[in-house]
Amino acid sequence: MPLAKFQFKAGIDREGTSYTNAGGWFDSSLIRFRKEFVEKIGGWAKNVTATFFGTCRNLFAWVSLDGSKFLFLGTHLKSYVQEGNVFYDITPIRATTTNGIVFAATNGSSTITATDSSHGAVAGDFVTISGAVSLGGLVTANVLNQEYQIATVPTANTYTFTAKDTSGTTVTANAS
């Protein structure tokens, strides 16, 4: 079959319908016209370098009375407010416990099991640990005293998470 040359009119014409606009463009997304040819726009650019957990599901922007600009982001995991180049986690705290939480790890594994009676958490919840002491080896107090996402909930009194160091790298437990 021989090749055929199609000649399209440059620009977007929304005056009629897509059927009445023969040989032209009726609708578009992320394109532009240069020298009467269509080309794709190069893509999206990051507005900020900070990151957040989850997939954004809702945005709400506002300006305060003093002119400060804010953006609310609701994700499937957390809620944030962006001010400048920083995201502030404003997710409500589900529960606070003063129970003596006991941590355990298997040698060579990065999975930490926390025993917290009647915690009420589900997989995917976040837990912020503070005041914990070292388990020995690579699982130091600095490794434990962070925010973690709960991986599994084996019982009503235990949950597990993956240990990471302060830079976010996974840490495996070892005997000291």
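Before reading on, note that the structure itself is shown above.
A few points on the structure.

The rules behind these values
Residues numbered from 1 in each chain as written. Predicted model: local features only at pLDDT ≥ 70, side-chain atom pairs only at ≥ 80, totals over all residues. Heavy atoms only, no water. Helix = DSSP H or I, 4+ residues; strand = E, 2+ residues; numbered from the N terminus. Rg over C-alpha atoms; globule rule 2.2 N^0.38 Å. Contact = heavy atoms within 4.5 Å. Areas by Shrake-Rupley, 256 points an atom, 1.4 Å probe, with all protein chains shown as cover. Lys, Arg positive; Asp, Glu negative; His and termini not counted. Charge placed at Lys NZ, Arg CZ, Asp CG, Glu CD. Pairing = 2+ DSSP bridges. Axes fitted to C-alpha atoms, helices over the stretch in contact; angles between N-to-C directions.

## Brief notes about the overall build of the protein chain
What the protein chain contains, in helices and strands, is 1 helix and 12 strands. What you see in the protein chain, going N to C, is helices and strands ordered as β-β-β-β-β-β-β-β-β-α-β-β-β. For a compact globule of 176 residues, the expected C-alpha radius of gyration is about 16 Å, and the protein chain comes in at 26 Å, more than 25% above that figure. Overall size of the protein chain, expressed as C-alpha extent along the three principal axes, is 75 × 55 × 30 Å. A separation threshold of at least 6 residues defines the contact pool for the protein chain, and within that pool the share at least 24 residues apart is 38%. Total accessible area computed for the protein chain in this model is approximately 12600 Å², and 56% of it derives from carbon and sulfur atoms. Once the 13 positive and 12 negative side-chain charges of the protein chain are each reduced to a mean point, those two points are 10 Å apart.

## As for the sheet that holds strand β7 (residues 102-105)
On the basis of which strands lie adjacent, the open sheet formed by 4 strands has the order β7-β8-β12-β11 and antiparallel pairing. The open sheet has two edge strands with one neighbour each: β7 and β11 (152-155). Sheet twist, expressed as the mean angle between neighbouring strand axes with direction ignored, is 30°. Of the strand pairs in this sheet, β11 and strand β12 (residues 158-162) are connected by 2 bridges, and their pairing is antiparallel. Residue pairing across strands places threonine 152 opposite threonine 160, the latter belonging to β12.

## Some words on the sheet that holds strand β6 (residues 86-89)
Pairing between the strands of a sheet is mediated by backbone hydrogen bonds and can be parallel or antiparallel. Taken in spatial order, the 4 strands line up as β3-β4-β5-β6 in an open sheet, and their pairing is antiparallel. Where the open sheet ends on each side, the last strands, each with one partner, are β3 (56-63) and β6. Going across the sheet, the axis of each strand differs from the next one's by a mean of 25°, ignoring polarity.

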